[in-house]
Amino acid sequence: MRRAAAARPAGARTAPVRRTALGLLAAALLAGCGTGTPGAAPEASATPATTAPSGGTAAPDPSRSPAGRTPEGTLLVADFGADTVTFVDPGPDGSGRGGAPIASVKAGTAPYGLVVGEDGRAWVATAEGVAVVDTRQRTRLALIPYATESGPVTTGEYRGGGMGIAMAPDGGHVYVGVNVPGRDGAVEVIDTATREVTGTARVGMRPFDVDVSPDGREVYATDHDSFDVTAVDADTLATRRMEVAPYGTEGGLGSWLKPHYAVVRPSDGALLLPFEGERLAVLDPRTGRVAIERMTANTHQHGAALTPDGTLLVVGTGPIGPDDEDPSLTVRAPDGTERIVPLDGPHEDVAVSKDGRTAYVTGGFTRDGHWNGITVVDLDDEKSEPVRLAAGNRPLGISVL
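Residues numbered from 1 in each chain as written. Predicted model: local features only at pLDDT ≥ 70, side-chain atom pairs only at ≥ 80, totals over all residues. Heavy atoms only, no water.

Time to look at the environment of V244. Tracing the backbone through its elements, the reader meets V244 in the loop between β16 (239–243) and β17 (263–264). Classification of V244 as buried rests on a relative accessible area of 0%. Sequence separation between V244 and D228 is 16 residues, and the spatial gap between their C-alpha atoms is 4.9 Å. Not counting residues within four places of it along the chain, the set of residues in contact with V244 comprises F227, D228, V229, P259, L273, F275, A281, L283 and V290. (Helix = DSSP H or I, 4+ residues; strand = E, 2+ residues; numbered from the N terminus. Buried < 20%, exposed > 50% of the residue type's maximum accessible area, 1.4 Å probe, protein only. Contact = heavy atoms within 4.5 Å.)

Another point: the packing of aromatic side chains. With the rule as written, the count across this model stands at three aromatic pairs. Aromatic side chains F80 and Y112 sit 5.9 Å apart centroid to centroid with 85° between the ring planes, which places their arrangement in the edge-to-face category. Here F80, found in the loop between β2 (75–79) and β3 (84–89), pairs with Y112, found in the loop between β4 (100–106) and β5 (114–116); they are 32 residues apart in sequence, far enough to count as distant. The exposure class of F80 is buried, given its relative accessible area of 5%. Ring centres of F208 and Y261 lie 5.5 Å apart, and the angle between their planes is 90°; this geometry places the pair in the edge-to-face category. Note that F208 is positioned in strand β13 (residues 207–212) and Y261 in the loop between β16 and β17, a separation of 53 residues in sequence. Residues F208 and Y261 agree in their burial class; the two are buried. An aromatic cluster of three or more residues is present, and its members are F80, Y112, F208 and Y261. Cation over ring: R279 sits above Y247, and NZ or CZ is 4.1 Å from the ring centre. (Phe/Tyr/Trp six-rings, centres within 6.5 Å; stacked < 30°, edge-to-face > 60°. Lys NZ or Arg CZ within 6 Å of the ring centre and 35° of its normal.)

This paragraph deals with the nonpolar core. Counting residues in each nonpolar core, the largest one holds 18 residues, and the members touching the most others are V229, V244, L271, L273, A281 and L283. Only β15 (228–233), β18 (271–275), β19 (279–283) and β20 (290–294) provide two or more residues apiece to this core. At three residues, β18 tops the list of elements feeding residues into this core. If we skip the residues at most four places from it in the chain, A281 touches V244, L271, L272, L273, F275, V290, A291 and I292. The next biggest cluster of nonpolar side chains, apart from the first, holds 15 residues, and it includes F87, I102, A122 and L401. (Core = buried A, V, L, I, M, F, W, Y, C linked by side-chain atoms within 4.5 Å.)

For the rest of this paragraph, the subject is the environment of I144. Topologically, I144 is positioned in strand β8 (residues 139–145). You can call I144 buried: its relative accessible area is 6%. Placed 19 residues apart in sequence, I144 and A125 show a C-alpha to C-alpha distance of 9.7 Å. For I144, the contacting residues outside a window of four places in its chain are W123, G129, V130, V132, I190, R195 and V197.

Take the sheet that holds strand β21 (residues 300–306) next. Reading across the sheet, the four strands line up as β21-β22-β23-β24 and stay open at both edges, with antiparallel pairing between neighbours. Each of the sheet's edge strands pairs with one partner strand only, and the pair in question is β21 and β24 (338–342). Across the sheet, the axes of successive neighbouring strands diverge by a mean angle of 20°, strand direction being ignored. In this sheet, β24 lies alongside strand β23 (residues 328–332) in antiparallel orientation, the contact comprising five bridges. Pairing of R332 across the sheet is with E338, part of β24. (Pairing = 2+ DSSP bridges. Axes fitted to C-alpha atoms, helices over the stretch in contact; angles between N-to-C directions.)

Right, let's talk about the confidence of the model for the chain for a bit. Per-residue confidence for the chain gives a mean pLDDT of 87; residues scoring 70 or more make up 85%. Scored below 50 in pLDDT, residues 1–55 makes 115 contacts in the model with residues more than four places away or belonging to other chains. (pLDDT = per-residue confidence, 0-100.)

Bridge analysis of strand β7 (residues 129–134) against β8 gives six bridges, and the strand direction is antiparallel. Within β8, the residue paired with V132 across the bridge is A142. The antiparallel hairpin formed by β7 and β8 contains four residues in its connecting segment, where R138 sits at a positive phi of about 60°.

In structure tokens:
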């Protein structure tokens, strides 16, 4: 196992030789990547629950949901491999055991991220617009087109359209990151009452994730392909860029060492961005300064979430080189101590039960190697084995209802 490198200031230009070589390899891979095939845009009217797609995906069982309503604690996943979101019964006490999909609802092409408000409405970032889904009745209420032109509606890892998505603390607005392939992206502001785009702010390239400050005054886009985070003033939509590149920016678009997901720490508003199971970039959005803390999983990392007690969960997608470790879930206590939970196969994103005792890790993954399910991890019992639960079609974004 490779020893984690010593912490360096953000933007440091030095990096292990292995990383530089991998950046060149990734550039070659990117040059050969397709963008998928165009998908037909669904109508924006309400759509009833439908049968989940075939091809290895478990068929939903509506009988698990009494009186047709969605029980509290149900999981909702964005089916990146289909045009749906899927509701999943997580089993007794949310353990995953005996759980199964309940129903799937048409959303839009290649759904990516999602966020759910207190009113039970889910806002789903798809390639063609933001879908509004009533999670209680399991119907689509609307599909809100983007104001930003992002090219033809396609599928695949590098498709244009919505990626990260977040909601203001008061529920009045939703903020969605729109990817414009090959160019800077945008954060679009949606009024949740009128379901209209009311503003647009230019951000960096490929806004993988979107977060909101605890006071709702700023919105943060994690710009994957430009090695930075863009802060957007929620009132004026003025922006400022902050570089977050603990390995430097060598490799450009072909680098593996770019920011993916972030979480906002409620205690001080800092953004936590994990890199490679080696370095945690702690960004102070007031100053733009980045501090680096050591991590131990030694694996390429994507999704992140915080439990109610401040424990950081980070999804390790697996190796990008011969000396990297396999997929895992990092459970990082507020004092920085870490427990590494091995996972079977690549995963992408993670959500936490409301009591903070269970983590749900999606198996969708943005690259090859995904599987149609969720891994359930008991955060209290370190001796328990993770449980694999069938869920949707290449599930990426996830929320606990």
